[in-house]
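# Coordinate inspection notes
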Amino acid sequence: MNETAIKALLEQAALTLLENQPNLFELTSKTSQTEWNITGRYAAEVHKLFPDYEYDVDLKKPGVQNKRPDIVLHRRGTHDSNFLVIEVKRKQTDVPREIQKIKDSWFPPPLSYKYGSIAVVDGVGSFSVVVLKSETR
């Protein structure tokens, strides 16, 4: 699998999320959307397209200053199968900072994720996906 194939699957997951939940952003004046709510729903759609991996949301990584990736696809119990880390954001302006976070925190050992992604799902029902491949793995 390469970056292009991963990007296509992640875009399909976002499209499916928005199709299956067209009112995801229609909240009352007493309720506001968080990235965590979007992340949890997106993670479930992503996992359907990557069934060979387990997925986790909002894991704390003590070896990396307790940083928490939004979504990871991996096999639990080993770093050898750290496949994909995904950061979910609501604004396109967050992408450069998240690219740097993936390169600095999730690609280097000991975590050594093979791929990283930023998925932007905004409040108007549109999305974009960026996929990076680790140079160190």
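Residues numbered from 1 in each chain as written. Predicted model: local features only at pLDDT ≥ 70, side-chain atom pairs only at ≥ 80, totals over all residues. Heavy atoms only, no water.

Below, the discussion takes up the sheet that holds strand S3 (residues 84-89). Read from one edge of the open sheet, five strands run S1-S2-S3-S4-S5, paired in mixed fashion. Both outer strands of the open sheet, strand S1 (54-57) and strand S5 (127-133), are each paired with one neighbouring strand and no more. Recorded for the sheet is a direction-independent mean angle of 15 degrees between the axes of neighbouring strands. Pairing of S1 with strand S2 (residues 71-74) involves four bridges; the strand directions are antiparallel. (Pairing = 2+ DSSP bridges. Helix = DSSP H or I, 4+ residues; strand = E, 2+ residues; numbered from the N terminus. Axes fitted to C-alpha atoms, helices over the stretch in contact; angles between N-to-C directions.)

On to the packing of helix H1 (residues 3-20) against helix H2 (residues 35-49), then. Where H1 contacts H2, the axes come no closer than 9 Å and their chain directions differ by 130 degrees. In terms of their interaxial angle, H1 and H2 are classed as oblique. Here the hand of the crossing between H1 and H2 comes out right-handed. In contact with Leu 9, Leu 10, Gln 12, Ala 13, Ala 14, Thr 16, Leu 17 and Asn 20 of H1, H2 contributes Arg 41, Tyr 42, Glu 45, Val 46 and Leu 49. Each residue belonging to the contact of H1 with H2 can be placed in one class, and the counts come to eight nonpolar, three polar and two charged. (Parallel < 35°, antiparallel > 145°, perpendicular 65-115°, else oblique. Left-handed = near helix turned anticlockwise from the far one by under 90°. Contact = heavy atoms within 4.5 Å. Nonpolar A, V, L, I, M, F, W, Y, C, P; charged D, E, K, R; others polar.)

Its twelve residues place the ends of helix H3 (residues 95-106) 15 Å apart at the C-alpha level, agreeing with the 16 Å of an ideal helix rising 1.5 Å per residue. Listed in full, the buried residues belonging to H3 are Val 95, Glu 98, Ile 102, Ser 105 and Trp 106. One side of H3 holds all its buried residues, which, seen down the axis, span an arc of 115 degrees. Pointing more than 90 degrees away from the buried face of H3 are the exposed residues Pro 96 and Asp 104. On the buried face of H3, the contacting elements are S3, strand S4 (115-121) and S5. (Expected span 1.5 Å × (residues − 1). Buried < 20%, exposed > 50% of the residue type's maximum accessible area, 1.4 Å probe, protein only. Arc of directions from axis to C-beta.)

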